[in-house]
Amino acid sequence: MGRNNTERSHLYMYVRSKLNPHAVKVFAALMPGGDVHAGLYLCGSLLGGQGHSCVTDLESGIGYDIMSQTCWGDYIDLGRHLWRCSAEESALRIMGMLGLAIAAFEQALA
């Protein structure tokens, strides 16, 4: 990957800027079987499923899972927990879920 801190920061901001219109789609892919209620994505656990013990705010991406005692600060952080990877790798995977090409990000930087 080889990005410096500034480039990673721009990558995270770019991905976050593209996420909000697709929040439900992203959460349904990350944690399938959940439900949307009052601006929250609710599911049974980090693995998804029905229930309310795993809650994520659709606008900010902040959430927690009572069962695993895991908290996350945004979509990228959630992906980091689910995939056990770096934040950069999580951002790139989410870009792929949204159909965003890394070339578009690099053009936006130029």
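So, a few notes on the structure that sits alongside this text.

1. Observations regarding the nonpolar core
- Ranked by internal contacts, the top residues of the largest apolar core, which has 24 residues, are Val15 and Met31.
- When contributions to this core are tallied by element, the ones reaching two or more residues are helix 1 (5–19), helix 2 (23–30), strand 2 (40–43), helix 3 (75–83) and helix 4 (87–97).
- Residue contacts for methionine 31: discarding those within four places in its chain leaves Tyr41, Cys43, Ser45, Leu46, Gly48, Cys54, Thr56, Leu78 and Leu82.

2. Quick word on the sheet that holds strand 5 (residues 70–72)
- Spatially, the five strands line up as an open sheet ordered 1-2-3-4-5, and their pairing is antiparallel. Both outer strands of the open sheet, strand 1 (35–37) and strand 5, are each paired with one neighbouring strand and no more. Between one strand axis and the next, the sheet turns through 20 degrees on average, direction left out of account.
- Both strand 2 and strand 3 (residues 54–57) contribute to a ladder of four bridges, which runs antiparallel. Paired with cysteine 43 across the strands is cysteine 54, a residue of strand 3.

Reading the values: the criteria
Residues numbered from 1 in each chain as written. Predicted model: local features only at pLDDT ≥ 70, side-chain atom pairs only at ≥ 80, totals over all residues. Heavy atoms only, no water. Core = buried A, V, L, I, M, F, W, Y, C linked by side-chain atoms within 4.5 Å. Buried < 20%, exposed > 50% of the residue type's maximum accessible area, 1.4 Å probe, protein only. Helix = DSSP H or I, 4+ residues; strand = E, 2+ residues; numbered from the N terminus. Contact = heavy atoms within 4.5 Å. Pairing = 2+ DSSP bridges. Axes fitted to C-alpha atoms, helices over the stretch in contact; angles between N-to-C directions.

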